[in-house]
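Working through the structure, step by step
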Amino acid sequence: MEAQAGDRLLTHGRTVGQHDRVAEIVEVLGAGGTPPFRVRFEDGHEHLISPGPDSVVQHTVVRKQAPESP
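Right, let's get into the pattern of salt bridges. This structure, assessed with the given rule, holds three salt bridges. In this structure, Arg38 engages Glu27 in a salt bridge whose closest nitrogen and oxygen atoms are separated by 3.3 Å. Taken together, the positions of Arg38 in strand β3 (residues 37-41) and Glu27 in strand β2 (residues 21-28) put the pair eleven residues apart, joining distant regions of the chain. Residue classification places Arg38 among the partly exposed residues on the basis of a relative accessible area of 29%. Of the charged contacts in the structure, one is a salt bridge between Glu46 and Arg40, with a shortest N-O distance of 2.8 Å. Accessibility expressed as a relative area gives 31% for Arg40, which makes it partly exposed. One network of salt bridges, with partners in common, ties together Glu24, Arg40 and Glu46.

As structure tokens, this is what we get:
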């Protein structure tokens, strides 16, 4: 899981009736865009998180891929 500041972290609800949680990634603390992340939730609360398999990063900017070497 790789992210950069400005991306969104979507964490799916684990039980029936529990809503998905969305947070903005404010800071990436791991090497190469890996967790842990400092995130800000919609209510303004900030939290340090290492997301599990129930989370996905939604990139906000299209990233350029490195050209393949011949």
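Attention shifts here to unusual backbone geometry. Cis peptide bonds are those with omega within 30 degrees of zero, and the linkage from Pro35 to Pro36 qualifies with 10°. Looking at the element boundaries, Pro36 is found in the loop between β2 and β3.

Counting nine residues, the largest nonpolar core consists of Ala3, Leu9, Ala23, Ile25, Phe37, Val39, Phe41, Ile49 and Val57. Those elements giving two or more residues to this core turn out to be β2 and β3. When residues of this core are assigned to their parent elements, the largest contribution, three residues, is made by β3. Residues within four places of Leu9 in sequence aside, it is in contact with Met1, Arg21, Val22, Ala23, Ile25, Val39, Ile49, Pro51, Ser55, Val56 and Val57.

About the cut-offs
- Residues numbered from 1 in each chain as written.
- Predicted model: local features only at pLDDT ≥ 70, side-chain atom pairs only at ≥ 80, totals over all residues.
- Heavy atoms only, no water.
- Salt bridge = Lys/Arg side-chain N within 4 Å of Asp/Glu carboxyl O.
- Helix = DSSP H or I, 4+ residues; strand = E, 2+ residues; numbered from the N terminus.
- Buried < 20%, exposed > 50% of the residue type's maximum accessible area, 1.4 Å probe, protein only.
- Core = buried A, V, L, I, M, F, W, Y, C linked by side-chain atoms within 4.5 Å.
- Contact = heavy atoms within 4.5 Å.

None of the figures reported here should be taken as evidence of function without further support.
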